[in-house]
Amino acid sequence: MLKSDKLLLRAVEPKDLDYLFEAENNVQIWGLSATLIPFSKRTLEDYVYSVHDLTSQKQFRFIIELVKTDRAIGMVDLFDYDALNARAGVGIVISDDTERSKGNAFESMKMLIEYSRNVLFLNQLYCTIHASNTNSINLFQKLGFVKMGVRKEWYRIDESKWEDEIEFQLLLNSKL
């Protein structure tokens, strides 16, 4: 569990089932995660009660919760965890639109970066972002992530429109 005065990053718990059902089935954010079909409550219940271990599963989801209200407002994921090469991918969503643009994503990511550096001893984090997602691009650049490249026409937007994906990387132990 990672905690600041405002936010708590914690493991998924059974009490999160209704929150996950709403968040994962929000079609407005499906494009960010390449989700194509809704999740059933049963599928999410199986997930909630499954083993959540970064080492064996190579991924871990943190629920972002407001400390004052104990209300889940988003999720931050570590994925593609590679202990040998000391790196992992990261993704974040503030699914509660009333909690966006309040610094919650920035604060959550700062906690995750410190955890990745000081507990997991990772050397780097990386992420990929849709070129049109300027809020996420600005967030990750503000956190020190550097643009490493562009994958052209990586996402199909509709039958005739494509969007690029931008790759970002943060070296956690760099002296630069």
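Refer to the preceding data block for the structure.
Definitions and limits used
Residues numbered from 1 in each chain as written. Predicted model: local features only at pLDDT ≥ 70, side-chain atom pairs only at ≥ 80, totals over all residues. Heavy atoms only, no water. Axes fitted to C-alpha atoms, helices over the stretch in contact; angles between N-to-C directions. Helix = DSSP H or I, 4+ residues; strand = E, 2+ residues; numbered from the N terminus. Parallel < 35°, antiparallel > 145°, perpendicular 65-115°, else oblique. Left-handed = near helix turned anticlockwise from the far one by under 90°. Contact = heavy atoms within 4.5 Å. Nonpolar A, V, L, I, M, F, W, Y, C, P; charged D, E, K, R; others polar. Buried < 20%, exposed > 50% of the residue type's maximum accessible area, 1.4 Å probe, protein only. Pairing = 2+ DSSP bridges. Right-handed = clockwise from strand over helix to strand, strands pointing away.

### Things to note about the packing of helix H5 (residues 104-118) against helix H6 (residues 134-142)
Packing of H5 against H6 leaves a shortest axis separation of 10 Å and a crossing angle of 40°. With respect to H6, the element H5 is oriented oblique. Between H5 and H6 the crossing geometry is right-handed. Of the residues in H6, those in contact with Ala 105, Phe 106 and Met 109 of H5 are Leu 139, Phe 140 and Lys 142. Each residue belonging to the contact of H5 with H6 can be placed in one class, and the counts come to 5 nonpolar, no polar and 1 charged.

### With respect to the side chain of Ser 116
Among the structural elements, Ser 116 can be located in helix H5. Note on Ser 116: relative accessible area 0%, which makes it buried. In this view, Ser 116 contacts Leu 78, Phe 121, Leu 122, Leu 125 and Leu 172; residues no more than four positions away in its chain are not counted.

### Digging into unusual backbone geometry
Non-glycine residue Lys 58 carries a positive phi angle of around 65°. In this structure, Lys 58 sits in the loop between helix H4 (54-57) and strand E3 (60-66). A relative accessible area of 39% places Lys 58 in the partly exposed class.

### What about the sheet that holds strand E1 (residues 2-3)?
Spatial ordering of the open sheet is given by E1-E2-E3-E4-E5-E6-E8-E7, a layout of 8 strands whose pairing is mixed. Every interior strand has two partners, whereas the edge strands, E1 and strand E7 (146-156), have only one. Taken together, the 5 bridges between strand E2 (residues 7-11) and E3 define a ladder with antiparallel strand orientation. Residue Arg 10 lies in a different strand from E3, and its bridge partner there is Ile 63. Each of E3 and strand E4 (71-82) touches helix H1 (residues 17-24); the most contacted strand, E4, lies at about 75° to it.

### Comments concerning the pairing of strand E6 (residues 124-130)
For E6, a buried count of 5 out of 7 residues is recorded, marking the element as mostly surrounded by other parts of the structure. Pairing of strand E5 (residues 87-94) with E6, which is carried by 3 bridges, proceeds in the parallel orientation. By the bridge assignment for E6, Ala 88 is matched with Leu 125. For the handedness criterion, the β-α-β arrangement of E5, H5 and E6 is classed as right-handed. Two elements, E6 and strand E8 (residues 162-171), share 7 bridges in a ladder whose sense is antiparallel. Following the sheet pairing, Leu 125 is matched in E8 by Leu 170.

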